[in-house]
Amino acid sequence: MIQAIVFDFDGLVLDTETPEFHSFQELFTEHGTELTLEVWGACIGTQGGFDPYGHLETCLGRPVDKDQLRLLRKAKYDAKMQAADVRPGVRSYLQRAKELGLRIGLASSSKRAWVTGYLEQYGLLSYFDVIRTSEDVERVKPDPALYVKALESLGVPPEAAVAFEDSPNGSLAAKRAGMYCVIVPNEVTSQLPFGVHDLRMGSMADQSLDDVLGSLEDRPKALNAV
């Protein structure tokens with residue numbers, strides 16, 4: 001029986017990823033070049049390995065004022081996030097999980113202050129029994145460490161837990177940890193290729209948590225990714 005659910009944050013609980021990508025895209029367009037999803041997609045759900053400002057310099061063949069561009073890009077992102085809300089179905093899943101007595105965790109490659117700040121803003125922080133972020137591990141997703149740490153703190157074995165993810169890096173981390181994985185891609189990540197997972201939904205509003213858990217318990221788990 002499934003005893004716990006563990007959520008990703010960026011792009012899954014709150015779609016910060018689409019406005020972030022679009023804000024960088026606008027920056028590149030304003031400089032007469034292009035940031036493709038093929039290039040950007042590899043860094044979604046993880047940290048490090050890609051410097052968009054350095055990539056812009058490479059595309060342009062000249063240096064740019066990175067400090068000024070960071071301020072401009074953040075202003076674009078903040079404007080896009082002004083009317084943002086958590087993704088459909090998130091609140092109902094959290095409420096139902098509490099009613100069912102499930103343990104609830106969160107595993108994010110982002111910084112703790114970033115995650116908890118948004119959770120407080122949207123009134124969701126109290127739902128989570130455990131939150132594990134980049135400060136808690138040496139390697140973030142697609143390494144399984146974040147999920148392993150979260151499950152250890154929840155006191156639940158991986159075979160009795162479900163990860164909800166929106167990115168290929170995140171789903172790979174969950175499967176490497178030995179968990180069930182339900183992917184709920186957002187506007188940007190829906191265009192990316194995913195590896196092994198157990199169920200895909202367009203939105204958590206598409207199926208109730210009870211139906212999702214029942215479906216997973218009635219089928220063999222997809223083989224763990226390596």
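Structure first, text after, so check above.
Predicted model only: the values in this text are computed from it and were never measured. (Residues numbered from 1 in each chain as written. Predicted model: local features only at pLDDT ≥ 70, side-chain atom pairs only at ≥ 80, totals over all residues. Heavy atoms only, no water.)

### Some words on the packing of helix 1 (residues 17-30) against helix 4 (residues 66-81)
Applicable threshold: Simply put, an axis is a line fit to the C-alpha atoms, just over the touching stretch for a helix, and the angle between two N-to-C directions goes from 0 to 180 degrees. Here a strand is any run of E in DSSP of at least two residues, a helix any run of H or I of at least four, and the numbering for each starts at the N terminus. Angle categories are assigned with fixed cut-offs, so that under 35 degrees is roughly parallel, over 145 is roughly antiparallel, 65 to 115 is roughly perpendicular, and the rest are oblique. Crossing chirality is assigned from the near helix's rotation relative to the far helix, an anticlockwise turn below a right angle marking it left-handed and a clockwise turn marking it right-handed. The contact rule is simple, with two residues in contact once any of their heavy atoms fall within 4.5 Å. Charged means Asp, Glu, Lys or Arg here, nonpolar means Ala, Val, Leu, Ile, Met, Phe, Trp, Tyr, Cys or Pro, and polar covers whatever is left, Gly included.
The geometry of helix 1 relative to helix 4 is characterised by a closest axis approach of 9 Å and an angle of 135° between their N-to-C directions. Here helix 1 is positioned oblique relative to helix 4, judged by the angle of their axes. The hand of the helix 1/helix 4 crossing is right-handed. Across the interface between the two elements, Pro19, Glu20, His22, Ser23, Phe24, Glu26, Leu27 and Glu30 of helix 1 pack against Leu69, Leu72, Arg73, Lys76, Tyr77, Lys80 and Met81 of helix 4. Residue classes in the contact of helix 1 with helix 4 are distributed as seven nonpolar, two polar and six charged.

### Describing unusual backbone geometry
In terms of backbone geometry, most residues other than glycine have negative phi values and most peptide bonds are trans. Residue proline 142 follows lysine 141 across a cis peptide bond; omega there is 15°. When you line up the elements, proline 142 lands in the loop between strand 3 (130-132) and helix 7 (145-154).

### Regarding helix 6 (residues 112-121)
To keep things clear, this is the line we draw: Buried, partly exposed and exposed residues are distinguished by accessible area as a fraction of the type maximum, computed with a 1.4 Å probe on protein chains only: under 20%, between the cut-offs, and over 50%, respectively. Summarising the geometry, the arc corresponds to the directions from the helix axis toward the C-beta atoms.
Along helix 6, the positions that sit buried rather than exposed are Val115, Thr116, Tyr118 and Leu119. Down the axis of helix 6, the sector holding all buried residues measures 160°, keeping them to one side. Structural note: helix 6 exposes Ala113, Glu120 and Gln121 on the side pointing more than 90 degrees away from its buried face. In the core, the buried residues of helix 6 are packed alongside helix 4, strand 2 (103-107) and strand 3.

### Some remarks on the side chain of serine 23
Rules: Pairs of N or O atoms are called polar contacts if they sit within 3.5 Å, as long as, within protein, a hydrogen donor faces a hydrogen acceptor (for residues adjacent in sequence, only side-chain-to-side-chain pairs).
One can find serine 23 in helix 1. Residue class for serine 23 comes out buried when judged on its relative accessible area of 0%. Polar contacts involving the side chain of serine 23 include one to the main-chain carbonyl oxygen of glutamate 20, which spans 2.7 Å. Of note is the side chain of serine 23, whose polar atom sits 3.2 Å from the side chain of arginine 73. If we skip the residues at most four places from it in the chain, serine 23 touches Arg73, Lys76, Tyr77 and Lys80.

### Brief notes about the nonpolar core
The test is simple: In this text, buried Ala, Val, Leu, Ile, Met, Phe, Trp, Tyr and Cys residues form a nonpolar core when linked through side-chain atoms within 4.5 Å.
Judged by nonpolar contacts, the single largest core of 37 residues is most densely connected at Phe7, Leu124, Phe128 and Phe164. For this core, the secondary-structure elements that each account for two or more residues are strand 1 (4-7), helix 4, helix 5 (90-99), strand 2, helix 6, strand 4 (161-165), strand 5 (180-183) and helix 9 (209-217). Of all hydrophobic cores here, the second largest spans 22 residues; its members include Val130, Leu154, Ala160 and Ala161.

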